[in-house]
Amino acid sequence: FQAEDGIRDSVASRGLGDVYKRQKDALSPIMSEETLDLHHGKHHQTYITNLINFIKDTDMANMSLEEIILKSSKDESKAGIFNNASQHWNHNLFWKCMKPNGGGKIPSKLEKRITSDFGSVDQFKKNFKKEGITQFGSGWCWLSISIEGKLVVSKTANAANPLIDNMKPILGCDVWEHSYYIDYKNRRPEYLDKFVDNLINWEFVESLLD
Ligand code: FE2
């Protein structure tokens, strides 16, 4: 097993990969072909290429992506590795969290958990979008399972993700400008509305509950 192969394997298994290969405008007009092409094909690929170069011939070459993220997050001198590994992981989740004609009704098991932890689906959506809107500069907003087993929303800056705070992210939205600027210019709140209402693959999110 080589890390390079492992990383390429996880690239191949990206959730959107299959849809994207078939139809590059799969998420259009909510997320245009131009955005996907740049985001999936260039930005995400650059994180992968950088990571492969960083860990080549090091002890990280045989670690899983999650191990690399956790280990490098505790070491200032490995910021480059952390940023690229974490962004690779974040984007893998992001692609899987979306589908054509997404949004809509949340499956019942997940809906019950959301209602129990946030009061209502609407309240959850409001809280989730608020995290994304208030993330100053580049970053992500998340729905995660806390160590106590509760659903929580949060935001992180740049490449960071909730894994390093002992949480399990089950939904992530990229609020870096490269994710929305072509389609929504500076209107991040509108992008978040569309992401929640028209893109989220709730069945996939629910599948990560356990
Ligand atoms: Fe991105």
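Keep in mind it's a predicted model, so treat the numbers as computed, not measured.

Asker: Explain the pairing of strand β2 (residues 151-157) here, please?
Answerer: Successive side chains on a regular strand alternate, one facing one side of the sheet and the next facing the other. Direction of pairing for strand β1 (residues 139-145) relative to β2: antiparallel, over a ladder of seven bridges. Across the sheet, residue S144 finds its bridge partner in β2, namely V152.

Asker: Sorry, what's going on with the coordination of the iron ion here?
Answerer: Octahedral metals with six donors have ideal donor angles of 90 or 180 degrees. Tetrahedral metals with four donors have an ideal donor angle of 109.5 degrees. Protein coordination of the iron ion is provided by H39 (NE2), H91 (NE2), D174 (OD) and H178 (NE2), with donor distances spanning 1.9 to 2.1 Å. Each of the four donor atoms bound to the iron ion contributes to angles spanning 90 to 144°, and the resulting shape is irregular. Sequence positions of the residues that donate to the iron ion give the spacing H-x51-H-x82-D-x3-H. Taken as a pair, H91 in helix α5 (residues 79-96) and H178 in the loop between β3 (168-174) and α8 (181-184) lie far apart in primary sequence, 87 residues in all. Considered together, H91 and H178 belong to a single accessibility category, that of buried residues.

Asker: What am I meant to see in helix α3 (residues 33-55) here?
Answerer: A rise of 1.5 Å per residue sets the reference length of α3, with its 23 residues, at 33 Å; its end C-alpha atoms lie 32 Å apart and thus fit the reference within 8%. Of all the bends in α3, the greatest measures close to 30° and is centred on Q45. Every buried residue of α3 is accounted for by T35, L36, H39, H40, H44, Y47, I48, L51, I52 and I55.

Asker: Before we go on, may I ask you to explain the packing of aromatic side chains in this structure?
Answerer: Two numbers describe a pair of aromatic rings. These are the distance of the centres and the angle of the planes. A full pass over the atoms with the stated rule returns nine aromatic pairs. For the pair F94 and W140, a centre-to-centre distance of 5.7 Å together with 90° between the ring planes defines the contact as edge-to-face. Of this pair, F94 sits in helix α5 while W140 sits in strand β1; the two residues are 46 residues apart in sequence, bridging distant segments of the chain. The same class applies to F94 as to W140, namely buried. With centroids separated by 5.5 Å and ring planes inclined at 20°, the aromatic side chains of W140 and W142 adopt a geometry described as stacked. On the accessibility criterion, W142 (0% relative accessible area) is buried. Within the aromatic cluster, the residues linked to one another by ring pairs are F94, W95, W140, W142 and F195.

Asker: Which parts of the structure should I look at to understand the nonpolar core?
Answerer: Burial of nonpolar side chains together is a common tendency in soluble globular proteins. In this structure, L171 and F195 are the most contacted members of the largest nonpolar core, which totals 52 residues. Ignoring any residue separated from it by four or fewer positions in sequence, one finds F195 in contact with F94, M98, F128, L171, G172, C173 and I200.

Asker: Sorry if this is basic, but what is going on with the packing of helix α6 (residues 108-118) against helix α7 (residues 121-134) here?
Answerer: The description of two packed helices rests on the angle between their axes and on the distance between the axes. Two elements in contact, α6 and α7, have axes whose closest approach is 8 Å; the angle formed by their N-to-C orientations is 75°. Viewed along their axes, α6 and α7 adopt a mutual orientation that is roughly perpendicular. Every residue of α7 that contacts α6 at E111, I114, T115 and F118 is listed here: V121, Q123, F124 and N127. Taken together, the residues of the contact of α6 with α7 break down into four nonpolar, three polar and one charged.

Asker: Looking at this structure, how should I read the packing of helix α4 (residues 65-73) against α5?
Answerer: The contact between α4 and α5 brings their axes to 9 Å, and the two run at 140°. When the axis of α4 is compared with that of α5, the two are oblique. As α4 packs across α5, the resulting crossing turns out to be left-handed. From α4, L65, E66, I68, I69, S72 and S73 reach across to α5, where they touch I81, F82, A85, S86, H88, W89 and N92. Classifying every residue of the contact of α4 with α5 by side-chain character gives seven nonpolar, five polar and one charged.

Reading guide: rules and limits
- Residue numbers run consecutively from 1 along every chain, following the written order of its sequence.
- Residues qualify for local features only when their pLDDT is at least 70, as the model is predicted, and side-chain atom pairs are given and counted only at 80 or more; totals for whole chains, interfaces and linings, by contrast, use all residues.
- By convention in this description, side-chain values take in all heavy atoms of the structure and omit both hydrogens and water.
- For two strands to pair, DSSP has to find at least two bridges joining them.
- Numbering goes from the N terminus for both helices and strands, where a helix is a DSSP run of H or I of at least four residues and a strand is a run of E of at least two.
- Coordination shells were defined by N, O and S atoms within 2.8 Å of each metal, extended to 3.2 Å for Na, K and Ca; water is absent from the atom set, which can make sites look incomplete.
- Working rule for geometry: tetrahedral if four donors all subtend angles between 85 and 135 degrees; square planar for four, octahedral for six, if opposite donors exceed 155 degrees and the others stay between 65 and 115; irregular in every other situation.
- Buried residues are those whose accessible area, probed at 1.4 Å on protein chains only, stays under 20% of the maximum for their type, while exposed residues exceed 50% and partly exposed ones sit between those limits.
- How far a helix is expected to stretch is found by multiplying one less than its residue total by 1.5 Å.
- Fitting one axis to the seven residues ending at a residue and another to the seven starting there, the bend at that residue is the angle between the two axes.
- Centres within 6.5 Å make a pair out of two Phe, Tyr or Trp rings, where for Trp the six-membered ring is used; the pair is then stacked when the planes are under 30 degrees apart, edge-to-face when over 60, and tilted otherwise.
- For the purposes of this section, nonpolar cores are sets of buried Ala, Val, Leu, Ile, Met, Phe, Trp, Tyr and Cys residues that join through side-chain atoms within 4.5 Å.
- Residues count as neighbours in contact if any of their non-hydrogen atoms are within 4.5 Å of one another.
- Axis lines are fitted through C-alpha atoms, for helices just across the contact stretch, and the angle between N-to-C directions can take any value from 0 to 180 degrees.
- Roughly parallel means an angle under 35 degrees; roughly antiparallel means over 145; roughly perpendicular covers 65 to 115; every other angle is labelled oblique.
- Here the term charged refers only to Asp, Glu, Lys and Arg, the term nonpolar to Ala, Val, Leu, Ile, Met, Phe, Trp, Tyr, Cys and Pro, and the term polar to all other amino acids, Gly among them.
- By definition, any crossing whose near helix is turned counterclockwise from its far helix by less than a right angle is left-handed, and any crossing with a clockwise turn is right-handed.

None of this, on its own, says anything about what the molecule does.
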